[in-house]
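Geometric and topological summary
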Amino acid sequence: MLDTNEAIYRQYETLGISKEVLDFGTSVEKELKERFDKIDTNAEYNQLKVIAAMQKNKVSAECFQASSGYGYNDLGRDTLERVYADCFGAEDALVRPQITCGTHALALALMSNLRPGDELLSPVGKPYDTLEEVIGIRPSKGSLAEYGITYAQVDLLPDGEFDYDGIKKAINEKTKLVTIQRSKGYATRPTLSVKRIGELIAFVKSIKPDVICMVDNCYGEFVEDTEPIQVGADMMVGSLIKNPGGGLAPIGGYIVGKKECVENAAYRLTSPGLGKEVGASLGVIQSFYQGFFLAPTVVSGALKGAIFAAKIYEKLGFKVVPDGTESRHDIIQAVEFNNRDAMIAFCEGIQAAAPVDSYVTPEPWAMPGYDSDVIMAAGAFVQGSSIELSADGPVKPPYAVYFQGGLTWYHAKLGILMSLQKLYERNLVKLD
Ligand SMILES: *Cc1c(COP(=O)(O)O)cnc(C)c1O
């Protein structure tokens, strides 16, 4: 009979992982058993939540049919929006392939719920890079600023806490919408837990009850057992080529929340008067359902990968955010290399472990929406999908790589081992 450990070892060797790297990884994995068990329990809970929402809304084979043209009376589209709303605890939802990405979903939510003369407030510091142009922090055609919508920002305190005094001062009669980004994006601040988001929303509403609280939920879905809507958010926004698409959705974004907020977004996405009534689901709707069904499990694999990477690089002396023991509120893992070569080696390893495009070498490149060169490693089935194993980051100090995804834990593990292999081969790390 085949010795399983020996057979697996040989498979890793075939893929280019040396014994030193595999032994190091195996010893780290052994320490993580208890945490991995907790992640599995959370995935189990969220899986049941998704199934319950699908059953309640009587998802049927008819829902998977493609519509074209105007897409009037598209049962699959309308039912899926009910599934999202129920699963996330919201009144209504807009889940569409016509929403091209996360930035588009966020821009749509903002532009449809703000009017000239209103002010947008971020009480959690600078938003995600691509939103700078949406808001007009960096001047851009079609920004909120061009439409006379002002922007105010209150940074987190140095210890990562909310600046409650500053937030209170910043809220004024013009403040219409408060945007709260759950994930850290390309910053090294902590990601916000759903509980902390709830505390912040309660504080904001105690000062101005009718303000709209929106959460950028990118990378956060299914990481915890509750979502921001359940702690008072009026709107929650994300991308389907991240967590909730489960790796199967080939495009799309969602907005869930209060009926009025979602309605405003629908009138902006299509047209005043048409709203949610139009928008063909084309041939992608089954992948939206099936991806949402798989998402809790996929997210659990990505989370295990993130924690595995944190533990490994922490042991090797790098700064990792979050650290190897912290609780998780998104699937992103930042590793600060403080070294350009190490950052690039890491990304090369992720690329080399991919099922698709494993033979290409990622290089730093100028990207629309970003103000420095960016390196991106991804060998994805869906272009740019970051629920699939991927790593990226702006090539500037502190040379931090943001690592995320992995449709399965085993692939995430291989990717991280391969990244370590590249660093090891170039003498950028020592394994004792
Ligand atoms: C990914 C992301 C976005 C933007 O989504 P894209 O699909 O890349 O446009 C916005 N906010 C956060 C926090 C993100 O992680």
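For the structure itself, look to the data block above.
In this report, we go over the structure that sits alongside the text. (Residues numbered from 1 in each chain as written. Predicted model: local features only at pLDDT ≥ 70, side-chain atom pairs only at ≥ 80, totals over all residues. Heavy atoms only, no water.)

What follows concerns the overall build of the chain. The secondary structure content of the chain amounts to 12 helices and 12 strands. Expected size for 432 residues packed as a compact globule is a radius of gyration near 22 Å; at 22 Å, the chain falls within 12% of this value. With the C-alpha coordinates of the chain rotated into their principal frame, the extents come out at 65 × 50 × 40 Å. Long-range contacts, defined here as pairs at least 24 residues apart, represent 70% of the contacts in the chain between residues at least 6 apart. A total of about 18,300 Å² of accessible surface is found on the chain, and carbon and sulfur atoms cover 53% of it. Across the chain, the 43 positively charged side chains and the 56 negatively charged ones have centroids separated by 2 Å. (Helix = DSSP H or I, 4+ residues; strand = E, 2+ residues; numbered from the N terminus. Rg over C-alpha atoms; globule rule 2.2 N^0.38 Å. Contact = heavy atoms within 4.5 Å. Areas by Shrake-Rupley, 256 points an atom, 1.4 Å probe, with all protein chains shown as cover. Lys, Arg positive; Asp, Glu negative; His and termini not counted. Charge placed at Lys NZ, Arg CZ, Asp CG, Glu CD.)

Moving on to the nonpolar core. Counting 110 residues, the largest nonpolar core has Tyr84, Tyr313, Phe337 and Phe346 as its most contacted members. With 15 residues, the single largest contributor to this core is helix α10 (residues 285-315). Looking at which domains feed residues into this core, each of domain 1 (4-45 + 293-425) and domain 2 (67-283) gives three or more. Excluding residues that lie within four positions of it along the chain, Phe337 makes contacts with Tyr313, Phe318, Ala342, Met343, Phe346, Pro398, Tyr399, Val401 and Leu423. Counting residues in each nonpolar core, the second largest holds 26 residues, with Ala105, Leu108, Met111 and Met235 among its members. (Core = buried A, V, L, I, M, F, W, Y, C linked by side-chain atoms within 4.5 Å. Buried < 20%, exposed > 50% of the residue type's maximum accessible area, 1.4 Å probe, protein only. Domains from an automatic or database assignment.)

By volume, the largest pocket amounts to about 1,000 Å³. Around the largest pocket, the lining comprises 47 residues; the ones closest to its centre are Met367, Tyr370, Met376, Gly384 and Ser386. For the lining of the largest pocket, the elements supplying multiple residues, two or more each, are α5 (102-113), β10 (374-378), β11 (390-394) and β12 (400-404). It is β10 that contributes the most residues to the lining of the largest pocket, 5 residues altogether. The computed volume of the second largest pocket comes to approximately 440 Å³. Lining the second largest pocket are 17 residues, and of these Asn5, Ile8, Tyr12, Leu22 and Thr26 lie nearest its centre. The biggest single contributor to the lining of the second largest pocket is helix α1 (residues 4-15), with 7 residues. Classifying every residue of the lining of the second largest pocket gives 8 nonpolar, 3 polar and 6 charged. (1 Å grid on protein atoms, 1.4 Å probe; cavity = no way out; pocket = protein on both sides within 12 Å on 5 of 7 lines; lining within 4 Å. Points joined across faces, edges and corners; volume = space filled by probe spheres on them. Nonpolar A, V, L, I, M, F, W, Y, C, P; charged D, E, K, R; others polar.)

We now examine unusual backbone geometry. Cis rather than trans, the peptide bond between Val321 and Pro322 has omega equal to -5°. Even without being a glycine, Lys58 presents a positive backbone phi close to 50°. Position of Lys58 among the secondary structure elements: in the loop between α3 (33-56) and α4 (75-88). With relative accessibility at 68%, the residue Lys58 sits in the exposed group.

Attention now goes to the sheet that holds strand β6 (residues 235-239). Spatially, β1-β7-β6-β5-β4-β2-β3 is the arrangement adopted by the 7 strands of the open sheet, whose pairing is mixed. With partners counted over all chains shown, the strands left at the sheet margins are β1 (92-96) and β3 (150-153), one partner each. Between one strand axis and the next, the sheet turns by 20° as a mean value, whatever way the strands run. With 5 bridges connecting them, strand β4 (residues 175-181) and strand β5 (residues 212-216) associate as parallel partners. Counterpart to Thr179 in the pairing with β5 is Met214. Against the sheet, α5 makes contact with β1, β2 (119-122), β4, β5, β6 and β7 (253-257), and its axis sits at roughly 155° relative to β6, the strand it touches most. (Pairing = 2+ DSSP bridges. Axes fitted to C-alpha atoms, helices over the stretch in contact; angles between N-to-C directions.)

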